[in-house]
Amino acid sequence: MPEKEKTTEQLLKEQYGEKLEEYKKQYSPRKLSVINVEGKLAILRPVTAAEMGQYSIMMASNGLDVACRYLLEALWLDGDNCLRDDEEYFISAMLQIQNVIELKKSSFLRL
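A brief report on the enclosed structure follows. Here the residue index of a chain counts from 1 through its sequence in written order. Reporting in this predicted model follows two pLDDT cut-offs: at least 70 for local features of residues, and 80 or more for side-chain atom pairs to be given and counted; totals over whole chains, interfaces and linings ignore these cut-offs and use all residues. Calculated side-chain values reflect all of the structure's heavy atoms, with hydrogen atoms and water omitted.

**Remarks on the environment of Arg-84**
A run of H or I in DSSP counts as a helix once it spans at least four residues, and a run of E counts as a strand once it spans at least two, with each numbered from the N terminus. Along the chain, Arg-84 falls in helix H4 (residues 82-85). In this scheme, a residue with accessible area under 20% of its type's maximum is buried, one over 50% is exposed, and one in between is partly exposed, where area comes from a 1.4 Å probe on protein chains only. The buried category is assigned to Arg-84, whose relative accessible area is 18%. The contact rule is simple, with two residues in contact once any of their heavy atoms fall within 4.5 Å. Residue contacts for Arg-84: discarding those within four places in its chain leaves Arg-69, Leu-72, Glu-73 and Trp-76.

**Some details on helix H1 (residues 8-27)**
Because the α-helix completes a turn every 3.6 residues, residues three or four places apart line up on one side. Take the residue count of a helix, subtract one, and multiply by 1.5 Å to get its expected span. Compared with an ideal rise of 1.5 Å per residue, which puts 20 residues at 28 Å, H1 spans 20 Å between its outermost C-alpha atoms and falls more than 12% short. Of all the bends found along H1, the most pronounced is centred on Tyr-16 and spans about 100 degrees. Elements in contact with the buried residues of H1: strand E1 (33-37), strand E2 (40-44) and strand E3 (76-79). The seven residues ending at a residue and the seven starting there each receive a fitted axis; the angle between those axes is the bend at that residue.

**Overview of the side chain of Arg-45**
Mapped onto the elements, Arg-45 comes out in the loop between E2 and helix H2 (49-62). On the accessibility criterion, Arg-45 (15% relative accessible area) is buried. In the analysis that follows, any N or O atom pair within 3.5 Å is treated as a polar contact, provided that within protein one partner can donate a hydrogen and the other can accept it, and provided that, for residues neighboring in sequence, both atoms belong to side chains. Among the polar contacts made by the side chain of Arg-45, one reaches the side chain of Glu-51 at a distance of 2.3 Å. From its side chain, Arg-45 meets the backbone oxygen of Ala-74 in a polar contact 3.1 Å long. Those residues in contact with Arg-45, other than ones at most four positions away along the chain, are Tyr-27, Leu-32, Glu-51, Ala-74, Leu-75 and Leu-77.

**A few points about the pattern of salt bridges**
Each reported salt bridge corresponds to a side-chain nitrogen of Lys or Arg within 4 Å of a carboxyl oxygen of Asp or Glu. If you walk through the whole model with that rule in mind, you get six salt bridges. Linking Glu-51 and Arg-45 is a salt bridge whose minimum nitrogen-to-oxygen distance equals 2.3 Å. Given the relative accessible area of 10%, Glu-51 is considered buried. Among the salt bridges present, the one from Arg-84 reaches Glu-73, with a minimum N-O distance of 3.4 Å. Of this pair, Arg-84 sits in helix H4 while Glu-73 sits in helix H3 (residues 64-75), and the two are 11 residues apart along the sequence.

**A few points about the packing of aromatic side chains**
Two numbers describe a pair of aromatic rings. These are the distance of the centres and the angle of the planes. Planes of paired rings set the category: under 30 degrees apart is stacked, over 60 is edge-to-face and the rest tilted, where pairs are Phe, Tyr or Trp rings (Trp by its six-membered ring) whose centres lie within 6.5 Å. Considering all chains together, one arrives at zero aromatic pairs under this definition. A cation over an aromatic ring shows up here: Arg-69 above the ring of Phe-90, its NZ or CZ 3.8 Å from the ring centre. The ring centre of Trp-76 lies 4.0 Å from the NZ or CZ of Arg-84, which sits over that ring. Two thresholds decide whether a charge sits over a ring: the Lys NZ or Arg CZ must be within 6 Å of the ring centre and within 35 degrees of the ring normal.

Nothing here speaks to function; it is all geometry.
What follows is the structure, encoded as structure tokens:
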């Protein structure tokens, strides 16, 4: 019988345990973000307004890959370095960066 794949929560607890709890306390009440690519994890701190601005500028002038790499490096607390260093893992992680910057759902209405 094949071994059941571990959840992100299980991997976090096994690999980071108390360290993860320290990160949560440090950045509370804001939430950490975790990117999981085939069991490889990246723990990211909350984004700041200044970083959002820089990300937007980089996106417009240098492209999505450069902007995502900037944000991944800036927010990185801990994780598997292959998510930053290996192109195959980075591409998958890059696709999750948008989720990292969506802090709260908002809407706009003009009357």
